[in-house]
Structure formats: C-alpha cells, structure tokens
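# Residue-level structure breakdown
Single-letter residue listing:
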Amino acid sequence: MKVIDHINQSEKPLISFEILPPLKGRGIQSLYDHLNPLMEYKPAFINVTYHRSEHIFKKRLDGSFEKVVVRKRPGTESICAAIMNKYNVDTVPHLICGGFGVNETEDALINLNYLGIDNVLVLRGDAAKNESTFEPEPGGHQYAIDLLKQVVNLNEGVYLEENLKNTSKTKFCIGVAGYPEKHFEAPNMESDLRHLKAKVDAGADYIITQMFFDNAKYFSFVKACREIGIMVPIIPGLKPIYSKKQLTILPKTFHIDLPTPLSEAVASCKSDTDVEKIGQEWLLHQSKELKESGVPVLHYYTLGRPQVIANVVKDLL
Ligand code: FAD
C-alpha cells in the first residue's frame with residue numbers, strides 16, 4: 001500500500017521506522033533482531049536506506065595500489081522484500097542518483113515493481129567519499145528532481161526505450177527529502193524551498209524531513225512550505241541522542257543544530273547510559289508535541305538504538 005494512502009486513511013498520526021541494511025558479512029537475522037522490538041508498535045511503513053559503493057585503494061604485495069569498489073551495505077531491494085515477507089508491512093526503499101546511470105535506475109525500479117513495492121523515497125545522495133562535491137554518473141541524474149521525473153515517467157508507462165509499445169505502468173508513491181534547517185549546499189532557505197516545491201510540483205506525494213531536535217524548526221518549516229504552496233504531507237524525521245560523541249557528529253554530518261538545553265544536559269552527563277536517558281526523554285517530549293500538533297506520521301531513524309525508540313513509542317501510544 002502507498003504511504004500516501006496510509007496517511008489519507010488514518011485519523012491519527014502514524015508511526016514509521018527507518019533502518020539501514022545490515023553491514024556486508026552480517027546475516028538477515030541481525031536485521032530482524034533490530035526490528036523485532038519495534039514491530040509490536042505496528043509501523044505503517046519501514047524505510048530502508050541506500051548506501052552507494054566507495055572506491056578504496058588496496059595495497060598490493062609489490063607496494064603498488066589497486067582501486068577497489070566496496071559496498072558496505074548492499075541489498076536495499078532484497079531487504080525490502082525480506083521485511084515485507086516476514087512482517088507483512090509496507091517498505092520504502094531509498095533510491096539515489098549517485099552512482100546510478102539512468103538505465104540502471106530504470107532496471108532497479110522495474111525490480112521493485114516486480115517485488116510489489118509501491119513506494120520509493122527519491123534522493124540525490126551525497127558526494128562520494130573521495131569527491132568534494134556531488135558528481136552524477138555520466139548520463140546520470142544531477143538532482144533528486146531528475147530522478148523523480150524518471151519515476152513519474154514510469155508511472156505513466158514511459159520507459160527509456162522510446163519505441164516500446166503497450167507498456168505497463170508502475171504505481172510508485174514518491175517521497176522526497178526536506179530540510180527544516182536548510183540543505184547545507186543551498187545558498188539560503190528561500191532557494192532550498194523553491195527547489196523543494198519544484199519536486200512536489202513534479203509529482204512528489206509527500207516530504208520526509210531531515211532529523212531535527214527543536215520542534216520550532218519543524219513548525220516554521222511547515223509554515224514556510226505552506227506559504228509558498230507546498231501542500232503535501234510533511235513527515236517529521238526523529239532520532240534519539242544516546243552518546244556524547246553525537247554532540248559533534250550530528251551537526252557535522254547532518255548540518256543541524258542541537259538546542260542549548262539538550263547539548264548542555266548531554267555534556268554534563270557522566271556516562272553514555274545517562275545520555276541515553278536524556279535523549280529518550282527529549283525524544284518523547286518532541287514526539288508528544290508533534291503528535292498533539294497533528295503531524296501525519298512520526299518517522300523514527302532507528303539506527304543504533306531501536307530499544308530507545310521502542311520505549312518512546314510505547315509511552316506515546
Ligand atoms: P536535491 O533535492 O537534489 O537537493 C540537493 C541540493 O541541490 C539542495 O541544496 C537543493 O536546494 C539544490 N537543488 C535542488 N534542485 C536544484 C536545481 N534544479 N538547481 C540548483 N540547485 C538545486 N542519502 C543517501 O545516500 N542514502 C539514503 O538512503 C538517504 N536517505 C535520506 C533520507 C532522508 C529523509 C533525508 C532527509 C536525507 C537522506 N539522504 C540519503 C541524504 C541526501 O541524499 C542528502 O541530503 C543529499 O545531499 C541531498 O539529497 P536531496 O534528495 O535532498 O537532493
């Protein structure tokens with residue numbers, strides 16, 4: 001079932017989770033162990049992130065270097081299928097521009113359609129580890145909107161091969177990313193919102209936000225979106241803090257701020273067990289306020305601490 005249908009058919013805020021595929025070498029059981037404590041809270045859907053391959057240089061015996069392509073977390077499509085099969089829940093694979101040519105993207109979409117997956121979250125992806133700015137594959141997509149248009153085309157039965165006749169239409173529900181604290185490359189919020197609106201005008205059904213720790217940022221983002229005519233559901237993305245290291249890692253990686261009361265409380269903790277407690281309380285407080293405000297879905301990034309998320313959702317319901 002499509003994410004947008006879940007939203008439209010529900011009278012109260014839904015719950016959804018986001019997971020990463022297991023690291024290469026770890027079995028599917030590690031994923032089920034991660035999800036098991038969360039499934040009793042009946043998520044409407046589960047997002048599965050996509051991780052592009054990296055180039056690394058491996059030293060040969062003769063001292064020279066060999067360029068090797070490594071993918072640490074393969075298998076988004078098959079992970080989605082496995083989750084649907086085991087838990088009978090909808091999944092949302094993330095699809096990115098980076099590392100894909102348009103033909104590979106089309107094949108990936110065809111595979112997802114065969115698997116009965118009704119949803120995709122379309123993203124640009126970040127720059128590859130060895131590049132300073134995002135570079136598309138030759139002939140690949142530069143921005144998420146270009147990938148989105150390819151999905152919209154397939155939904156209309158338009159494939160890359162122009163002379164195909166009587167083509168079968170896909171029916172993907174399409175989500176896109178939004179940034180309450182602005183995407184880090186955008187020169188200003190106005191420009192970022194303009195590009196977000198373009199994605200919605202081109203066919204995005206809903207937006208999921210980058211994580212934020214200050215609900216005021218989400219509320220003013222939604223207001224700014226509505227003012228420029230972005231009327232689709234805007235799903236808040238939420239993540240718990242559970243270690244002191246996150247005080248520097250989260251702002252650096254995701255270009256977000258941590259509110260002073262939260263950062264000071266975390267900084268004064270003696271151990272990460274204390275941080276986890278603070279993080280859980282903060283997330284519960286955020287979730288309650290967002291729920292009361294009538295958000296369509298509370299979307300939790302579960303990486304690292306599924307039990308913290310389970311505790312929060314238990315107290316919330
Ligand atoms: P875009 O919408 O293409 O925007 C990128 C930048 O370009 C923005 O600054 C925007 O303002 C600007 N822009 C957009 N269109 C134009 C245009 N036509 N001309 C000029 N500028 C333009 N990354 C992964 O690799 N895998 C994942 O699974 C993943 N999941 C994510 C899930 C969520 C909910 C979020 C919020 C992010 C996720 N990301 C993931 C990270 C994402 O790929 C990066 O944030 C990336 O840098 C931007 O992706 P985007 O889809 O927002 O890009």
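Relevant structure appears above.
This text gives an overview of the structure that appears in the document.

Criteria and cut-off values
- For every chain, the first residue of the written sequence is number 1, and numbering continues from 1 along that sequence.
- Residues qualify for local features only when their pLDDT is at least 70, as the model is predicted, and side-chain atom pairs are given and counted only at 80 or more; totals for whole chains, interfaces and linings, by contrast, use all residues.
- In computing side-chain properties, one takes all heavy atoms of the structure into account and sets aside hydrogens as well as water.
- Paired strands are those between which DSSP finds at least two bridges.
- In this text, helices come from DSSP runs of H or I with a minimum length of four residues, and strands from runs of E with a minimum of two, each type numbered from the N-terminal end.
- Axis lines are fitted to C-alpha atoms, over the contacting stretch for helices. Their N-to-C directions set the angle, which ranges from 0 to 180 degrees.
- Throughout, a contact is declared for two residues whenever any of their heavy atoms are within 4.5 Å.
- Whenever a carboxyl oxygen of Asp or Glu lies within 4 Å of a side-chain nitrogen of Lys or Arg, that contact is scored as a salt bridge.
- Near residues are defined by distance, with any heavy atom within 4 Å of the molecule or strand qualifying the residue.
- Polar contact is defined as a pair of N or O atoms within 3.5 Å, subject to the rule that within protein one atom must be able to donate a hydrogen and the other to accept it, and that residues adjacent in sequence are counted only when both atoms are side-chain atoms.
- Note that accessible areas follow from Shrake-Rupley with a 1.4 Å probe, and for residues the cover is restricted to the protein chains shown.
- Residue burial is assigned from relative accessible area. The probe radius is 1.4 Å, only protein chains are included, and a residue is buried under 20% of its type maximum, exposed over 50%, and partly exposed in between.
- Two residue types count as positive, namely Lys and Arg, and two as negative, namely Asp and Glu; His and chain ends fall outside the count.

### A closer look at the sheet that holds strand β2 (residues 45-48)
Hydrogen bonding along the main chain pairs the strands of a sheet, whether they run parallel or antiparallel. Strand order in this closed barrel of 8 strands is β1-β2-β5-β6-β7-β8-β9-β10, and the pairing throughout is parallel. Here the strands of the sheet are splayed against their neighbours by 25° on average, with no regard to which way each runs. With 5 bridges connecting them, strand β1 (residues 14-19) and strand β10 (residues 297-301) associate as parallel partners. The partner of Ile15 across the bridge, within β10, is Leu298. Packed onto the sheet, helix α6 (residues 189-201) meets β7 (173-178) and β8 (206-211) and runs at close to 180° relative to β7.

### Digging into the pattern of salt bridges
On inspection of all chains with the given rule, the structure shows 8 salt bridges. For the salt bridge of Arg60 with Glu66, the shortest nitrogen-to-oxygen distance reads 3.9 Å. Between Arg305 and Glu276 there is a salt bridge whose closest N-O contact spans 2.9 Å. Of this pair, Arg305 sits in the loop between β10 and α11 (306-316) while Glu276 sits in helix α10 (residues 272-292), and the two are 29 residues apart along the sequence.

### Quick word on the site of the ligand
As a matter of local geometry, the ligand sits amid 23 residues, with Asp126, Tyr179, His183, Asp192 and Lys199 nearest to it. At 2.9 Å from an oxygen atom of the ligand is found a main-chain nitrogen or oxygen belonging to Ala144. Between the ligand and His183 there is a distance of 2.8 Å, counted from an oxygen atom to a side-chain nitrogen or oxygen. When isolated, the ligand has an accessible area of 980 Å², and the protein chains bury 84% of it.

### Some remarks on the environment of Val68
Inspection of the secondary structure assignment puts Val68 in strand β4 (residues 65-70). When its relative accessible area of 22% is taken as the criterion, Val68 is described as partly exposed. As a C-alpha pair, Val68 and Gly229 span 161 residues in sequence and 46 Å in three-dimensional space. Those residues in contact with Val68 that sit more than four places away from it in its chain are Glu54, His55, Ile56 and Lys58.

### Quick look at the side chain of Asp192
Within the fold, Asp192 resides in helix α6. Buried and unpaired, Asp192 has no salt bridge, with Lys182 as the nearest side chain of opposite charge at 6.4 Å. Setting aside residues up to four positions removed in sequence, Asp192 forms contacts with Tyr179, Lys182, His183 and Ala186.

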